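One-letter residues, chain by chain:
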Amino acid sequence: MAESVFEIRRLKKEDLAKYHAFSDAEVWNVGIDVYEKMFEISPNGFFCAENSETHEIVRFCGAVDIGDNRAIVVSFITKPLLRGRGIGTRVIKKVLEQFQNYEIIVNSAVGREKMYERLGMKKFLYQTNQLICRPKMSKNNEKRKFSRTDLLLEIDDVFEFDQKICKSERKNILKWFFKTSEKGYVAKNEKGEINGYALVRKTPLGISLSPFYAQTETSLRVILENVLFDFPTCDVQICLPIENKFTLKILEEYFHIKISSCCVSKDAPENLALSLTNTWLGSKEDFEFEKSSVVSILDFHFAVC
Ligand SMILES: CC(C)(COP(=O)(O)OP(=O)(O)OC[C@H]1O[C@@H](n2cnc3c(N)ncnc32)[C@H](O)[C@@H]1OP(=O)(O)O)[C@@H](O)C(=O)NCCC(=O)NCCS
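Please read these numbers as outputs of a predicted model, since none were measured by experiment.

Draft legend 1. Seen up close, helix H7 (residues 217-230). When the terminal C-alpha atoms of H7 are compared, their 20 Å separation across 14 residues agrees well with the 20 Å that a helix rising 1.5 Å per residue should span. The buried count for H7 comes to 10 of 14 residues, which makes it a mostly enclosed element. Of the positions making up H7, those classed as buried are Ser219, Leu220, Val222, Ile223, Leu224, Glu225, Asn226, Val227, Leu228 and Asp230.

As structure tokens, this is what we get:
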């Protein structure tokens, strides 16, 4: 098929379902609500390639304005049979054109770093494991006692704590995360000060903890145990800086986790527990990123810590 039949155009709201279906086929585990939100934030930041004869959309890419003159490139994807024909590059270039003079950040899957470098995102920022892990604990067979955390009933309660973790102002997006989450948990120290919190979102593969922060081992354990008690059969998605080996060790007590650099594939083990390694790249300066204390980051499309 001649590539000239493909027209690069802005995405429309009604294209989001198809975009999301592409994302699901890659097992990216992002809910449609997240796509809707990103599009609402940056309606001019999304482009696609459409076959002008059949009107089939075959490639997508977008970027979301996250404030402070920064944008995050999200979900760059081409229908599998049509990859490698140069059209994806045209689509992402259109996106980047839209965000000229912005600092661009991208979360690159393993093996794609060079492609993003060629597009100008040369700075290595940090690496994370996206864990999709299956709990070992189950509500029925786990008799051991654990402390119940407080439920997070007002998102305003964590704003002050969140500001310590994330230098960007992100109250609005946190409010949205809270509103669209299933449940929220907050952990406190003996003085009653918040030292961790998590929001539980439903995702295509189970639940995602985003955001999820714990500053101490106790707060990490208490939040995890409460989440696992309330959502015992769900696969849990957590995002963890690769350097944070200590937290990974604790997570391994609660979850089956296989660390591998492979993408989610058909040969994934039966006892599904996957880690997708990925690299954050940027076009300009470095971020200060606390790799050891951050347990998990706000849903990656909105996270710059
Ligand atoms: C990454 C992707 C969106 C590129 O789209 P595309 O339409 O193939 O883009 P292009 O043809 O312009 O090629 C761009 C780059 O993609 C890579 N690529 C090309 N053909 C590919 C193929 N068949 N399979 C995988 N990657 C390929 C190459 O690195 C290429 O770089 P080059 O220009 O130096 O050759 C597409 O390969 C894809 O959907 N991959 C799966 C989803 C994914 O990994 N997205 C990025 C997540 S960070």
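The rest of the description comes next.
Draft legend 2. Region of the structure containing helix H2 (residues 32-41). Of the positions making up H2, those classed as buried are Val34, Tyr35, Lys37, Met38 and Phe39. Where H2 is buried, its residues contact helix H1 (16-25), strand S2 (46-51), strand S3 (57-67), strand S4 (70-78), helix H6 (171-179) and strand S9 (194-203).

Draft legend 3. Structural context of the environment of Cys239. Checked against the element boundaries, Cys239 lands in strand S11 (residues 235-241). Cys239 sits 37 residues away from Leu276 along the chain, and the two C-alpha atoms are 9.5 Å apart.

Draft legend 4. Quick look at the site of the ligand. Around the ligand, a shell composed of 20 residues is seen, among which Thr78, Gly84, Gly86, Thr89 and Arg118 lie nearest. A distance of 2.8 Å separates a nitrogen atom of the ligand from a polar backbone atom of Phe76. Interatomic distance of 3.1 Å between a side-chain N/O atom of Arg83 and an oxygen atom of the ligand. If the ligand stood free it would expose 860 Å²; the protein chains cover 71% of that surface. When contributions to the shell around the ligand are tallied by element, the ones reaching two or more residues are S4, helix H3 (87-98), strand S5 (103-109) and helix H4 (113-118). Residue composition of the shell around the ligand, grouped by class: seven nonpolar, seven polar and six charged.

Draft legend 5. Region of the structure containing the pairing of S5. Counting buried positions over the seven residues of S5 gives six, a clear majority of the element. Relative to S5, S4 is paired through four bridges, and the arrangement is parallel. When the sheet's bridge partners are listed, Ala71 is paired in S5 with Ile104. The parallel pair S4 and S5, bridged by H3, forms a crossover whose chirality is right-handed.

Draft legend 6. Expanded view of the packing of H1 against H2. Where H1 meets H2, the closest approach of the two axes is 10 Å, and the angle between their N-to-C directions is 130°. Considering the angle they form, H1 stands oblique to H2. Seen from above, H1 lies across H2 with right-handed handedness. Touching Leu16, Ala17, Tyr19, His20 and Ser23 of H1 are Ile32, Tyr35, Glu36 and Phe39, all from H2. Broken down by class, the residue content of the contact of H1 with H2 amounts to six nonpolar, two polar and one charged.

Draft legend 7. Representation of the side chain of Thr247 in the model. Looking at the element boundaries, Thr247 is found in helix H8 (residues 245-254). In this structure Thr247 comes out as buried when scored by relative accessible area, which is 4%. Side chain to side chain, Thr247 and Asn244 meet in a polar contact 2.9 Å long.

Draft legend 8. Up close: the pattern of salt bridges. Tallied over the full model, the rule gives 15 salt bridges. Salt-bridge contacts for Arg9 lead to Glu50; the nearest nitrogen and oxygen are separated by 2.8 Å. One end of the pair, Arg9, is in strand S1 (residues 6-10); the other, Glu50, is in strand S2, with 41 residues separating them in the sequence. In terms of burial, Arg9 and Glu50 fall into one category: buried. Here Glu40 makes a salt bridge to Lys37, at a shortest N to O gap of 3.2 Å. Here the residue Glu40 and the residue Lys37 both occupy positions in helix H2, the gap between them amounting to three residues, near one helical turn. Note on Glu40: relative accessible area 56%, which makes it exposed.

About the thresholds
Residues numbered from 1 in each chain as written. Predicted model: local features only at pLDDT ≥ 70, side-chain atom pairs only at ≥ 80, totals over all residues. Heavy atoms only, no water. Helix = DSSP H or I, 4+ residues; strand = E, 2+ residues; numbered from the N terminus. Expected span 1.5 Å × (residues − 1). Buried < 20%, exposed > 50% of the residue type's maximum accessible area, 1.4 Å probe, protein only. Contact = heavy atoms within 4.5 Å. Near = heavy atom within 4 Å. Polar contact = N/O pair within 3.5 Å; in protein donor to acceptor, adjacent residues only side chain to side chain. Areas by Shrake-Rupley, 256 points an atom, 1.4 Å probe, with all protein chains shown as cover. Nonpolar A, V, L, I, M, F, W, Y, C, P; charged D, E, K, R; others polar. Pairing = 2+ DSSP bridges. Right-handed = clockwise from strand over helix to strand, strands pointing away. Axes fitted to C-alpha atoms, helices over the stretch in contact; angles between N-to-C directions. Parallel < 35°, antiparallel > 145°, perpendicular 65-115°, else oblique. Left-handed = near helix turned anticlockwise from the far one by under 90°. Salt bridge = Lys/Arg side-chain N within 4 Å of Asp/Glu carboxyl O.

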